[in-house]
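What follows is each chain in one-letter form.
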Amino acid sequence: MAIQQAEKLLKKHRDLHCAKVLKAIGLQRTGKQDEAFTLAQEVAGLEPTDDNSLQALTILYREMHRPELVTKLYEAAVRKVPTSEEYHSHLFMAYARVGEYKKMQQAGMALYKIVPKNPYYFWSVMSLVMQAISAQDEKLSHTMFLPLAERMVEKMVKEEKIEAEAEVQLYFMILERLGKYAEALEVVRGQLGEKLTSELQSRENKCMFLYGRLEQWPECNALSRKLLLKNPDDWQFYLSYFDSLFNLIDQSWTPPEEGNHSAEGEVHCSVAQAIGFVEERLASEEVKETRPLRGPYLARLELISRLRQRGSPDEQQLGEPLELMFQYFVKFGDKPCCFTDLKVFLHLLSPDHYVQFVNRLTEAVPLGPVGEDGVALPGDTRALQRHLGAAQLSRCLGLQHALSTDGKLALIHELRAHYRHGLQFGTSCLKTELQFSDMYCLMAAHVYIDLWIETGELRDPAHVLWQCLGLLEEGLAHSPSNAQIKLLLLLLFCRLGAFEPVVDLYSSLDAKHVQHDTIGYLLTRYAESLGQFAAASQACNFSLRFFHSNQKDTSEYIIQAYKYGAFEKIPEFIAFRNRLNNSLHFAQVRTERMLLDLYLDADISSTLEESVKNMSLCPEEDDIPWDSLRDNRDLDVFVSWNPKVQYSILSKEHRQLSLEEESLWLRLRSLTLRLAGCLSGLCHSPQAPPPATPHAQRNAEKSAENGVASKPADMQPLLGQLERTRCWFTLLQQYPFLGPPPTRLPQALANGSCQCQLVALQLPLHVQELETSGLGTLESQHAPFIQEQVQPCVNLLLKCCAGFALDVLHRATRKGISDIQNRSLYLPCVNTSLDVLNQTVCVVLWVSSHCSGTLRPLKSSLQKKKKKKKETRAIAGLQTLLSQAVEQIQDQESSLTALKLEALSLEGLPQAEDERTFIKAAMDKVQSSYLRSLQEVGDLLRKRADTLKSLKI
């Protein structure tokens, strides 16, 4: 409708620029990008100066992700209307979108000369600061950009033209980056510092920071003490007080005999004074009638911790940590924060006192009489929270892990009783609110997981795991907004190889903005490897939409920061944008999405060529910033009460090893993608370039026809990199259960798929040389090599990759697995193995199709030489392999479809009907997911088999 209305208007007013641009926006939003771009460029070439046309073109270019064209638009407008404040302002913001800091500085000064307003002047100053931040040469930043910015601000200070707090903040930022902390301190403590009023205690916080930088510990100590007298619950000031105190003690500092100790007042420089100060704060809290503050009580424990770290005997003056922590629990145990407060100081307890400490905590919990199930239960939410805190601390100290199997089962019974009893306190809660007893449900699930990990198959771990899933399903039914229950369910379903329920769980988490980067790996990591290709494609697209919008959205944040004078936020926004652009997860999702498209759609080389062209893939260039990759995954997203000494804690070594493994797998996948791009371009001469479009223009400099028309020379270095990368991985790393998910790298190397793909991808080079040399070289070195390599390639596929997948399928069938419980132990491995098989077969098909097209002109000669026979046997081997895989998949589908859940063997499971209902619901989801995975993998392998039948070499 919008396009039609614009066309009607243009029939009457052919030169109405705004109508043309509005039509272009309509074309852009209906998918006709090329027409929209041509029409927009037609209007832009006329250099319009009316505001409507300029604003409409700006909107269009932003939607096209072409912000650099907006700058040209307003450069022309400023040339025609050089005194327009509005156009100069828009030009500055256009430069801000593309990060042209030098031009931003010039535009800001030009704007200030036209309209001498302070904000415009400081826009120019901030642009200088950004040049300093972005400069490659740090020396240049400190000798040119920052000093110039400092002089510009000092000029305004001398002329007494500083008006706003933002201008003082910018001055402080410049001095801080120059390392002029003394000058910055003078600014903050002087007349300009009085403008720092927007944040609470802004001047004090800045002074504290600068005292630390200047190592003026007396002033830092005195200021911290003074602020604590005003607010004894501010934890950051306690930390500053203790830091400065022990620095003064280490320096043997003594106060002067006459006059003030420091510019900020009295200074404490001994342990005795610190103990006295903390005890005074505690005494004042004890006599208060109002709500007690936690700060002074935690400060006493912090002081004990620091004294013990230094080996000082003075800690005994403050009391026994066990008694002090018990007193803290008595005062604040009914608050959820009590556990996190005390967890930090548990190292102060000796292991011999763990049981005594937990027993005292439990005795302090007011519980009712023992009920029918043998468990004493709390009477209100305050008592519930106290009991929950004691249980959390018990697990954190490792007491739950030390229990026997029977002890753990008894603990689970108790936790479940507390969970169900606590539901009565949340009957009036909304669906968006959490139940008071949800943490009991989660803790019981963690104990189930402990049993599953520790007992192995000795006690039929499938049953333990199903009970865990049933409990979590029950928890989610009562508390549908609990993110931790959803996350744990998501993890368990993925470990069972059931991806279908994971999609809904992740969607219900309603992840916002940066969470797509921090927790998105939980979704995208498993989808493809578990045979859910449609869901994998959807998950990748979901993540990519966030990353693609990041550049545009962050530019708008930067512009708003300039408009409102939030200069200190601009470097943060830019650092945030860079962090997302360099995200490991972003690079992984982008690579996997393109590979997935190729594996699903590109069966033969002609289709491969078309797919690569549509992707604008340039195999000659590696667009992944390997040196600046950022691991933004939140590996602590799962709530956990595990002790630090326990195997289930994620260590720094685990994090580093996981990053190395992820990077190595990404490198392998990226090289495979680029080699596929090279393969698609072999033997094809460059075509005439298409009409200029936004996509083609952006990629024209990178490749001819988007990567088509590759040369053999492009493939050889990539093959060498693939071989070296394959050899780097040496160790299979085991991560904690709640740690990062493993990659498919160990399996891909173990089953030989990487080696098979490498061998297959080497064949086109020799075939290409054979074709280039002509028929006369058929007896040369290339033909024998081809003969030698084709059959080994297929043998690798048969013996390694396929053998592994089929072996698992045979085991699943041969063992007579008749129920979903035991089947869950095999099918995840089956799906992953078949996914690797499918990808390897796909690469072999690409290579075979390419070789077929190249060698077809030599067909008669090949027949005379009787070379066809060996290759026919190779194809027959591939066909046999795929047929076996498809048959086994059909057997698994049939047995799963015929499975009647009512007939399942549920021995050992709870007898309560409601518990069995939730367990059966979990089994239903797993069964449905297995069927979906087997169907998708089977369909894809059947498609590969059909392609293979039509292949002629």
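Residues numbered from 1 in each chain as written. Predicted model: local features only at pLDDT ≥ 70, side-chain atom pairs only at ≥ 80, totals over all residues. Heavy atoms only, no water.

A. Quick peek at the side chain of Glu-302. Here Glu-302 is to be found in helix α16 (residues 295-309). Overall, Glu-302 belongs to the buried group, its relative accessible area being 13%. Each residue touching Glu-302, except ones within four places of it in the same chain, is listed here: Trp-235, Leu-239, Phe-242 and Phe-345. (Helix = DSSP H or I, 4+ residues; strand = E, 2+ residues; numbered from the N terminus. Buried < 20%, exposed > 50% of the residue type's maximum accessible area, 1.4 Å probe, protein only. Contact = heavy atoms within 4.5 Å.)

B. Representation of the pattern of salt bridges within the structure. Counted under the stated rule, the structure contains 42 salt bridges. For Asp-341, the salt bridge goes to Arg-294, with nearest N and O atoms at 2.9 Å. In this pair, Asp-341 sits in helix α18 (residues 337-343) while Arg-294 sits in the loop between α15 (271-286) and α16, placing the two residues 47 residues apart along the sequence. Two residues, Glu-592 and Arg-669, come together in a salt bridge whose shortest N-O distance is 2.9 Å. (Salt bridge = Lys/Arg side-chain N within 4 Å of Asp/Glu carboxyl O.)

C. Up close: the nonpolar core. In terms of nonpolar packing, the biggest core is built from 206 residues, with Phe-357, Leu-472, Tyr-562 and Phe-567 touching the most fellow members. In terms of residues, this core owes the most to one element, helix α22 (residues 438-455), which gives eleven residues. Residues contacting Phe-357, with those up to four places away along its chain left out, are Leu-322, Met-325, Phe-326, Leu-346, Leu-349, Leu-393 and Leu-397. The next biggest cluster of nonpolar side chains, apart from the first, holds 38 residues, and it includes Leu-608, Ala-676, Leu-761 and Trp-846. (Core = buried A, V, L, I, M, F, W, Y, C linked by side-chain atoms within 4.5 Å.)

D. Focus on the environment of Ala-445. Locating Ala-445 in the fold gives a position in helix α22. Note on Ala-445: relative accessible area 0%, which makes it buried. Once you skip the residues sitting within four places of it in the chain, Ala-445 turns out to touch Cys-468, Leu-471, Leu-472 and Leu-488.

E. Looking closely at the environment of Gly-179. Mapped onto the secondary structure, Gly-179 falls in the loop between α10 (165-178) and α11 (181-189). Sequence-wise, Gly-179 and Leu-214 are 35 residues apart; in three dimensions their C-alpha atoms are separated by 9.9 Å.

F. Quick peek at the packing of aromatic side chains. Considering all chains together, one arrives at 19 aromatic pairs under this definition. Both rings, one in Phe-92 and one in Trp-123, keep their centres 4.8 Å apart while their planes meet at 20°; by these two values the pair is stacked. Of this pair, Phe-92 sits in helix α6 (residues 85-98) while Trp-123 sits in helix α8 (residues 118-134), placing them 31 residues apart in sequence. Each member of the pair Phe-92 and Trp-123 is classed as buried. Judged by centre distance (5.1 Å) and plane angle (85°), the ring pair of Phe-92 and Tyr-562 falls under edge-to-face. With Phe-92 in helix α6 and Tyr-562 in helix α28 (residues 533-564), this residue pair connects regions lying 470 residues apart in the sequence. For Phe-92, a relative accessible area of 0% translates into the label buried. When its relative accessible area of 1% is taken as the criterion, Tyr-562 is described as buried. (Phe/Tyr/Trp six-rings, centres within 6.5 Å; stacked < 30°, edge-to-face > 60°.)

Keep in mind these values describe shape, not function.
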